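Chain by chain, the residues:
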Amino acid sequence: QLASTSGEVAGLSRARRNVLLASLALVNFFTSTAFSVLGPFFPREANLKGLSVTMTGIIVGEFQLVICLCSPLVGAFTSSIGGRFVYSWGLVICSVCSILFGALEYCPPGIVFAVMCLLTRGVSAIGTSMFVVSSFSIATRLFPNRLSTVFGLLETAGGLGFMVGPVIGGALFQLGGFKLPFVSLGGFLLLVVLLSLCVMPSLVNDDPNIDGSRPKSVWTLVREPFCLATLFGMCVASSFLGFVDVSFQPFLTAKFHFSPVIVGLMLFLPALIYSISAALWGYLVDSRGAGLPIMIGGLAAFSVCLLFVYPAPFLPYDTNLPSLIAALVVVGLACSAVVVPVFNLIATESYKRGFDRSLTTYSVVSGLVNTAFAFGAFVGPTLGGVALDKFGLAWVLTGYSGLFGLATLICLIGPVRQNRGFMRRETRGVSFLVNEEGEDGRSPAIVGPVSQSADCLIDRDGRNEANNNYGSIGNTV
């Protein structure tokens, strides 16, 4: 048994950990639903309250910006404060803010309504960053050898919540007006929080710095070319998802004369594919160890298919419905292929840089990943909307195609530069990190049990530097 599973989590049975993961996914689903209910009616209600389209966009975009700014801080302090504490209070903040946002129906119109919306959404974003960062760090702490599978399952739950949220929001708005969607879902979320805390253990900081050394900083990872490359690819993908929300509805209406229902179904398609495929990509990353190839393939597929969603100006081709549907399916598959492997890739890189398999490491990685995703989700609808007005949809999609192509090249080149001092040799079932200069390196490079694959440092003479507690690597070879 790995040392990282020692302590309190080691005493949890597999069934108990599965129940905990299911509760995290359930809460992820309902929080995503609560966040997305305002889409069908809030722009119109904000206009009735005297807000401009620009101010409405600022209120919506502020949410991701605050998450981007808060996530690194939450990731840095989650392990010292306690994952359960950060998780529970983040959810409480989200629930209360949702209820308060519904009460803004009684707020005076104009600047007062705008300020109260900004405050409520901003505080809710702080709670969201606390919940998301802690939930991913807790889930990966429970399943340290299944990082991408866990990440994919939680992404699937969140994606499904974002898909059904607008439907539920529209129905509740018609039934009871502005306040009913927020008050009902906020109250229900509080109930779900109480139920989930009944099965949530108190995860303590298990960072084994017994020598008194300071834990490694997030900047250790930010400075690494490989981490920057993967985070850049994820940021571009989340940016495009945000851009779709503000750009595709006018395009589909003008080009195909679709009704609002059909437009909603068209936008529903890539989200559905994303949610279904996220869990599949996570399983493949963990079982096949193909995180980087899957991510690079997703980036390359993004780069190509965007040229056919709305043909680039230099292509002698016109948009038709079958090619558009096929492109949207590829967008959903490619987006999940880009996003899901990132957590595993950066976590694995952190082990190589001296981080331990602890709640501290998972919190730092979770904060970093969430920051990159939120930054892209903020930039996409804001700068993307400006670019859309200035250059048109064809050129903006062509620009995104170029960005995804650039991200593909960066992810191809980054690992080569990152590991130029090491050779990676793989044998059947066993992979080694070999120092080219034959130096003896006794660093914590073992990242998995030998039962499936063993990672260890060996020198040029083939001497095993692994601890015997991990099994007989010589017999495996």
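Refer to the preceding data block for the structure.
The notes below deal with the structure included here. (Residues numbered from 1 in each chain as written. Predicted model: local features only at pLDDT ≥ 70, side-chain atom pairs only at ≥ 80, totals over all residues. Heavy atoms only, no water.)

Scanning the protein chain from N- to C-terminus turns up 15 helices and three strands. Relative to its full complement of 477 residues, the protein chain shows a buried share of 52%. Contacts spanning at least 24 positions in sequence make up 81% of the contacts within the protein chain whose residues lie at least 6 apart. Accessible surface computed for the protein chain: about 21,400 Å², of which carbon and sulfur atoms make up 67%. (Helix = DSSP H or I, 4+ residues; strand = E, 2+ residues; numbered from the N terminus. Buried < 20%, exposed > 50% of the residue type's maximum accessible area, 1.4 Å probe, protein only. Contact = heavy atoms within 4.5 Å. Areas by Shrake-Rupley, 256 points an atom, 1.4 Å probe, with all protein chains shown as cover.)

Taken together, the side chains of Leu73, Phe77, Ile81, Phe85 and Trp89 define a hydrophobic patch exposed on the protein surface, amounting to about 550 Å² of accessible area. Elements that contribute at least two residues to the nonpolar patch include exactly α3 (53-81) and α4 (83-103). Among the elements that make up the nonpolar patch, the one with the highest residue count is α3 (three residues). With respect to the secondary-structure elements, Phe85 resides in helix α4. (Patch = residues over 30% accessible without salt bridge, like charges linked within 9 Å, V, L, I, M, F, W, Y side chains within 5 Å. Salt bridge = Lys/Arg side-chain N within 4 Å of Asp/Glu carboxyl O.)

Okay, the environment of Leu190 next. By the secondary structure assignment, Leu190 is in helix α7 (residues 179-197). For Leu190, a relative accessible area of 29% puts it in the partly exposed group. With sequence-adjacent residues up to four places away left out, Leu190 is seen in contact with Val92, Ser95 and Ile99.

This part is about the nonpolar core. The nonpolar side chains of soluble globular proteins are, as a tendency, buried together. Grouped together as the largest cluster of nonpolar side chains are 89 residues, with contacts concentrated most on Tyr87, Phe240, Phe302, Leu306, Ile346 and Phe404. Looking at which domains feed residues into this core, each of domain 1 (13-203) and domain 2 (216-429) gives three or more. Ignoring anything within four residues of it in the chain, the contact list for Ile346 reads Leu221, Cys227, Thr230, Leu231, Val365, Leu368 and Val369. The next biggest cluster of nonpolar side chains, apart from the first, holds 17 residues, and it includes Val37, Cys117, Phe182 and Leu185. (Core = buried A, V, L, I, M, F, W, Y, C linked by side-chain atoms within 4.5 Å. Domains from an automatic or database assignment.)

Here we take up the state of the cysteines. Here, the word disulfide means a covalent bond between the sulfur atoms of two cysteines. Applying the stated criterion across every chain, the model contains zero disulfides. Cys68 carries a free sulfur, and the closest cysteine sulfur to it, the one in Cys235, is 8.0 Å from it. Using a relative accessible area of 11% as the deciding quantity, one classes Cys68 as buried. (Disulfide = S-S within 2.5 Å.)

Moving on, we come to the packing of helix α1 (residues 14-36) against α7. Two elements in contact, α1 and α7, have axes separated by 10 Å at closest approach and are oriented at 165 degrees. Relative to α7, α1 is oriented roughly antiparallel. Both α1 and α7 take part in a crossing whose hand is left-handed. Contacts between α1 and α7 involve Ser23, Val27, Phe30, Thr31, Thr33 and Ala34 on the former and, on the latter, Leu185, Phe188, Leu189, Val192 and Ser196. The residue inventory of the contact of α1 with α7, partitioned by class, reads seven nonpolar, four polar and no charged. (Axes fitted to C-alpha atoms, helices over the stretch in contact; angles between N-to-C directions. Parallel < 35°, antiparallel > 145°, perpendicular 65-115°, else oblique. Left-handed = near helix turned anticlockwise from the far one by under 90°. Nonpolar A, V, L, I, M, F, W, Y, C, P; charged D, E, K, R; others polar.)

In this section: the environment of Thr319. Along the chain, Thr319 turns up in the loop between α11 (291-309) and α12 (321-352). When its relative accessible area of 9% is taken as the criterion, Thr319 is described as buried. Considering only alpha carbons, one finds Thr319 and Phe308, 11 residues apart in sequence, at a separation of 7.2 Å. What Thr319 contacts, discounting residues up to four positions off in sequence, is Phe251, Lys255, Phe256, Val309, Tyr310 and Pro311.

Once that is clear, we can look at the side chain of Thr361. For Thr361, the location among the structural elements is in helix α13 (residues 359-391). With a relative accessible area of 3%, Thr361 lands in the buried category. Among all residues touching Thr361, those that are not within four sequence positions of it are Ser350, Tyr351, Phe355 and Asp356.

Take helix α5 (residues 111-142) next. Three or four residues apart is the spacing at which side chains of an α-helix point the same way, because the helix has 3.6 residues per turn. For α5, built from 32 residues, the straight-helix expectation of 46 Å at 1.5 Å per residue is met to within 8% by its first-to-last C-alpha distance of 46 Å. Taken across its 32 residues, α5 has 24 buried, putting it largely inside the fold. (Expected span 1.5 Å × (residues − 1).)

For His257, which is not glycine, the phi dihedral falls at a positive 55 degrees. With respect to the element layout, His257 can be found in the loop between α9 (225-256) and α10 (260-288).

So, about the packing of aromatic side chains. Summed over the entire model, instances satisfying the criterion amount to 23 aromatic pairs. Arranged with centres 5.6 Å apart and planes meeting at 45 degrees, the rings of Phe42 and Phe101 form a pair that is tilted. With a gap of 59 residues between them, Phe42 in helix α2 (residues 42-48) and Phe101 in helix α4 connect regions that are remote in the sequence. No difference in accessibility class separates Phe42 from Phe101, as the two residues are buried. Pairing Phe85 with Trp89 gives two aromatic rings, centres 6.3 Å apart and planes at 50 degrees, and the pair type is tilted. (Phe/Tyr/Trp six-rings, centres within 6.5 Å; stacked < 30°, edge-to-face > 60°.)

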